[in-house]
Amino acid sequence: MVYRRSALAAAMLIAGTAVPVAAAPFTYFTDFSTGVGPEFTLTNVGVNSNDAGILGQLEGGVVTLAQTTPGAGSGTIRFDLLGFRSIDGANCCTDTFRFSVNDTEVFNGVFALGGGGGEGFNGPPGTTVTGGGPVRTITIPVTLLAGANSFAFTYGTLQGFDDEAWGLDNVGIDAQVAVNGVPEPATWVAMVAGFGLLGGATRRRVARSGIA
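Residues numbered from 1 in each chain as written. Predicted model: local features only at pLDDT ≥ 70, side-chain atom pairs only at ≥ 80, totals over all residues. Heavy atoms only, no water.

## Regarding the overall build of the protein chain
On a plain count of helices and strands, the protein chain comes out with 2 helices and 13 strands. A fraction of 72% describes how many contacts in the protein chain between residues 6 or more apart in sequence connect residues 24 or more apart. In the structure as shown, the protein chain presents an accessible area of about 11,000 Å², 59% of it carried by carbon and sulfur atoms. (Helix = DSSP H or I, 4+ residues; strand = E, 2+ residues; numbered from the N terminus. Contact = heavy atoms within 4.5 Å. Areas by Shrake-Rupley, 256 points an atom, 1.4 Å probe, with all protein chains shown as cover.)

## Some thoughts on a nonpolar patch on the surface
A contiguous nonpolar patch, built from V36, L42 and V47 and spanning about 230 Å² of accessible area, is present on the exposed surface. Relative to the assigned elements, L42 resides in strand 2 (residues 40-43). (Patch = residues over 30% accessible without salt bridge, like charges linked within 9 Å, V, L, I, M, F, W, Y side chains within 5 Å. Salt bridge = Lys/Arg side-chain N within 4 Å of Asp/Glu carboxyl O.)

## Some thoughts on the side chain of R136
Considering the arrangement of structural elements, one finds R136 in strand 11 (residues 135-144). Polar contacts involving the side chain of R136 include one to the main-chain carbonyl oxygen of G133, which spans 2.9 Å. Once residues within four sequence positions are removed from consideration, R136 is found in contact with F79, D80, L81, F111, A112, L113, E119, V129, T130 and G131. (Polar contact = N/O pair within 3.5 Å; in protein donor to acceptor, adjacent residues only side chain to side chain.)

## Here we look at the pairing of strand 4 (residues 55-59)
Regular strands place side chains that alternate from one sheet face to the opposite one. Counting buried positions along strand 4 yields 4 of 5 residues, so the element is predominantly enclosed. As defined by bridge partners, strand 3 (residues 46-47) adjoins strand 4 across 2 bridges and the pair is classed as antiparallel. Following the sheet pairing, G46 is matched in strand 4 by E59. Across 2 bridges, the pairing between strand 4 and strand 13 (residues 164-180) is antiparallel. Opposite L58, over in strand 13, you have W166 as the bridge partner. (Buried < 20%, exposed > 50% of the residue type's maximum accessible area, 1.4 Å probe, protein only. Pairing = 2+ DSSP bridges.)

## Observations concerning the environment of L65
Its place among the elements puts L65 in strand 5 (residues 62-69). Taking the relative accessible area as the measure of exposure, L65 reaches 0% and is therefore buried. Sequence separation between L65 and L42 is 23 residues; the distance between their C-alpha atoms is 9.1 Å. When sequence neighbours within four positions are dropped, the list of residues in contact with L65 reads Y28, E39, F40, N149, S150, F151, F153, V171 and I173.

Structure follows, in structure tokens:
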């Protein structure tokens, strides 16, 4: 009886761990060289120019990037934030840029992209902002859900194309996500051995029952 239970436990343990969870890369990148793809949605956004190689020029509003990942995980999103004419930093007429992941704001900042004023940002640890003049390269750590994910870039209400406009370029995601792995050959061997022990124990039990 003890041997039979041990074989059953071993088979159950092996079967339960036969398909491990593995990390897999998830990447996305666009430089808009072939235009703006269907993964982007523009809401309350006026478009003043169809400049080749960027998403812009835009008047306020929200740009949403939709992506589907095979599993949950974490990584970074990187993009170039572009300013046209006189987007202001922190001054009397501050223009605030916001970035959200799955409807939760994770970053906001003010940048003098042609206008005046001070600069600064708030984001999770590991966030970086580089560049100058009309371009800021922003890298933000992100957490991804398994399945659909949305990334919203928002510049609120600007003062019109004659004064201010914005855009995006070089948008990329680089993450590691959890996916169901394929059992290694050694795992398959262990599974077969475990179930073989269980089968042998069952046959012995049947034989004993016949003798009795």
